[in-house]
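Tertiary structure, described
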Protein chains: 2
Amino acid sequence: MDTKSQMIEIATNLFQQKGYKGVGVNEILKVCNITKGALYHHFPNGKEELLIACLKNMDEAITTDIEVIFERCQTTMEALHAMIEKLVANLDREGTITGYTFSSIVSEMASLSEPVRNACSDLYTKMQGIYSKKLVADGFSKETAHSIALMMTATIEGGIMLCLTRKTSEPLKIISQGLPNLLKGFI
Amino acid sequence: MDTKSQMIEIATNLFQQKGYKGVGVNEILKVCNITKGALYHHFPNGKEELLIACLKNMDEAITTDIEVIFERCQTTMEALHAMIEKLVANLDREGTITGYTFSSIVSEMASLSEPVRNACSDLYTKMQGIYSKKLVADGFSKETAHSIALMMTATIEGGIMLCLTRKTSEPLKIISQGLPNLLKGFI
DNA sequence: CTCCACATACCAACCGTTCTGTTTTAAACT
DNA sequence: AGTTTAAAACAGAACGGTTGGTATGTGGAG
């Protein structure tokens, strides 16, 4: 793997876990086993440019990952259960959540950097779009599907926050059980 | 108002908006118009102790605020609408959200400081408790109420994240409209 | 000989914290 | 009431460490 890709891969993980300001460039360089020269060679605009590259990387990773799940599963609910199960497994195994979320980055940077905010917004919109499409296939109207997709996105993101706070995967499990009722209510 | 209370008041606002690492002690001192001596006199353990004091302050503020709303409103849904309306108004007016949320602190600090994580966990639990109680009064069983309350907490917190990312209050408005369907689904 | 991909050394700015010194407050004693 | 005294409530300089960023050096590939 080339140096640049490796940097993005590692930095993505660190940013997801500790947020933007929570990770210093020196820490990233140490884990990557490279030096300042390499970083500022590939990312002349420094840390923020690296973050945006990481967000683009997450975009691809998350989008394709979710799309695979949503293609394999028959209904939206099945797909959601599979998604959350993956999150729960990840959380139980590693103690942190590395996929499907970037809440720490949003809450830190949304008001500080427009490029970062836009990248995050795009990612949310993309995820929501995948949900929405499947919901339409499930028989919901376009507007209803849009509303449900938004609520699903919010609920999962909020659920992750609760899991991190409680140090348990319980909240996401309960959400996984409760989500079908959300769809039921919209019929 | 005494210096200590003023510090907590101002720091609470700053922490909510910019997160923990996003605010330097110097910035806090500047806004408060005090110096290092005052800070480390009232909070010998420095910044983190101040943060915990802020979380306790938020606990009281949020709890009493929500409790008032939930007492005034007949049903859980009415109360929720009122709550979200308040959030939306705040967001439309000031561009940031200062009440009912501390997502930035959670995502930054949950894995770094146990005292902070516990304080956040307590706050979520308390909010959830208020929802839950009202839901039982609405006729739901205890377990069902607990599940719904958790989902409501997650959805609102996630909705706030979406609003910050999109720079619009639209997500919360849609959630406010969609939430009744969540309750409907549980019946 | 040149250009790319780094390494190394260095920098100013800022971080949170600690220190010592000064003022203010208020109770205690004459 | 006036003085003494001790503690509380600050002010402000100084500290070591870390931050993100830059300027220059260097080895290898073409």
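Just so we're clear, the structure is a prediction, and the values are computed from it rather than from any experiment.

The rules behind these values
Residues numbered from 1 in each chain as written. Chains lettered and ligands numbered in written order. Predicted model: local features only at pLDDT ≥ 70, side-chain atom pairs only at ≥ 80, totals over all residues. Heavy atoms only, no water. Helix = DSSP H or I, 4+ residues; strand = E, 2+ residues; numbered from the N terminus. Rg over C-alpha atoms; globule rule 2.2 N^0.38 Å. Buried < 20%, exposed > 50% of the residue type's maximum accessible area, 1.4 Å probe, protein only. Contact = heavy atoms within 4.5 Å. Areas by Shrake-Rupley, 256 points an atom, 1.4 Å probe, with all protein chains shown as cover. Lys, Arg positive; Asp, Glu negative; His and termini not counted. Charge placed at Lys NZ, Arg CZ, Asp CG, Glu CD. Near = heavy atom within 4 Å. Salt bridge = Lys/Arg side-chain N within 4 Å of Asp/Glu carboxyl O. Buried area = accessible area lost by both parts, 1.4 Å probe. Polar contact = N/O pair within 3.5 Å; in protein donor to acceptor, adjacent residues only side chain to side chain. UniProt positions renumbered as here; feature names shortened; annotations may be inferred. Least-squares fit on C-alpha atoms with pLDDT ≥ 70 in both. Expected span 1.5 Å × (residues − 1).

1. Details of the overall build of chain A
When its secondary structure is counted, chain A shows nine helices and zero strands. Reading chain A from its N end, one meets helices and strands in the order α-α-α-α-α-α-α-α-α. Computed over C-alpha atoms, the radius of gyration of chain A comes to 18 Å, within 12% of the 16 Å expected from 2.2 N^0.38 for 187 residues, which places it in the range of a compact globule. Taking the principal axes of its C-alpha atoms as reference, chain A extends roughly 55 × 35 × 30 Å. Across the 187 residues in chain A, those meeting the buried criterion constitute 57%. Considering only contacts in chain A between residues 6 or more positions apart, those separated by 24 or more positions represent 64%. Total accessible area on chain A stands at roughly 8,100 Å², and carbon and sulfur atoms take up 51% of it. The centroid of the 19 positive side-chain charges in chain A is displaced by 4 Å from the centroid of its 21 negative side-chain charges.

2. Side note on the protein's contact with DNA strand C
Taken together, 16 residues sit near DNA strand C, with Thr35 of chain A together with Val25, Lys36, Tyr40 and Lys47 of chain B positioned nearest. Atoms of DNA strand C within 4 Å of the protein belong to the sugar or the phosphate in 60% of instances, the rest to bases. Mapped onto the surface near DNA strand C, the elements with two or more residues apiece are helix H3 (36-42) of chain A together with helix H2 (25-32), helix H3 (36-42) and helix H4 (46-72) of chain B. With five residues, the single largest contributor to the surface near DNA strand C is H3 of chain A.

3. Thoughts on the side chain of glutamate 157 of chain B
Structurally, the position occupied by glutamate 157 of chain B is in helix H8 (residues 142-166). Here glutamate 157 of chain B occupies a buried position and makes no salt bridge, while the nearest side chain of opposite charge, arginine 166 of chain A, is found at 10 Å. Not counting chain neighbours up to four residues away, the residues in contact with glutamate 157 of chain B comprise Tyr100, Thr101, Phe102, Ser103 and Tyr124 of chain B.

4. Regarding the interface of chain B and chain A
Contacts between the two partners involve 42 residues from chain B and, on the opposite side, 42 residues from chain A. Carbon and sulfur atoms supply 67% of the area buried between chain B and chain A, which totals about 3,700 Å² over both sides. Of all residues in chain B, Met161, Thr165 and Arg166 of chain B give up the largest surface area on contact with chain A, accounting jointly for 16% of the area buried on that side. For the interface between chain B and chain A, the tally reads two salt bridges.

5. Comments concerning the pattern of salt bridges
Per the counting criterion, the structure on display carries twelve salt bridges over all chains. Across the pair lysine 18 of chain A and glutamate 27 of chain A runs a salt bridge, and its minimum N-O distance is 2.6 Å. A residue is classified by how much of its surface remains accessible, and glutamate 27 of chain A, at 25% relative accessible area, is partly exposed. For glutamate 94 of chain A, the salt bridge goes to arginine 93 of chain A, with nearest N and O atoms at 2.9 Å. Note on glutamate 94 of chain A: relative accessible area 46%, which makes it partly exposed. Three or more residues joined by partner-sharing salt bridges are found here, namely Glu114 and Arg117 of chain A together with Lys167 of chain B.

6. Looking at the protein's contact with DNA strand D
Around DNA strand D sit 16 residues, and of these Val25, Lys36 and Tyr40 of chain A together with Thr35 and His41 of chain B come closest. Backbone atoms, meaning sugar and phosphate, make up 54% of the atoms of DNA strand D lying within 4 Å of the protein. Separating a phosphate oxygen of DNA strand D from a backbone N or O atom of valine 25 of chain A is a distance of 2.7 Å. Interatomic distance of 2.7 Å between a side-chain N/O atom of threonine 35 of chain B and a phosphate oxygen of DNA strand D. For the surface near DNA strand D, the secondary structure elements donating two or more residues are helix H2 (25-32), H3 and helix H4 (46-72) of chain A together with H3 of chain B.

7. Observations regarding the UniProt feature "DNA-binding region" (unreviewed entry) in chain A
UniProt's feature table lists "DNA-binding region" (unreviewed entry) at residues 24-43 of chain A, given in the numbering used throughout. Regarding residues 24-43 of chain A, the helix share stands at 75% and the strand share at 0%, and the terminal C-alpha atoms are separated by 15 Å.

8. Notes on the relation of the copies chain B and chain A
Mapping chain B onto chain A calls for a rotation angle of 180° and an axial translation of 0.0 Å; the resulting RMSD is 0.0 Å. Interpreted geometrically, this transformation is the action of a two-fold axis. Comparing interface residues between copies, 100% of those in chain B also lie at the interface in chain A; the contact surface is shared.

9. Remarks on helix H8 (residues 142-166) of chain A
All names here are of chain A. Spanning 25 residues, H8 covers 36 Å between terminal C-alpha atoms, matching the ideal 36 Å at 1.5 Å per step. With respect to burial, H8 is a largely interior element, 19 of its 25 residues being buried. Just beyond H8, the residue with positive phi is lysine 167, at close to 65°.

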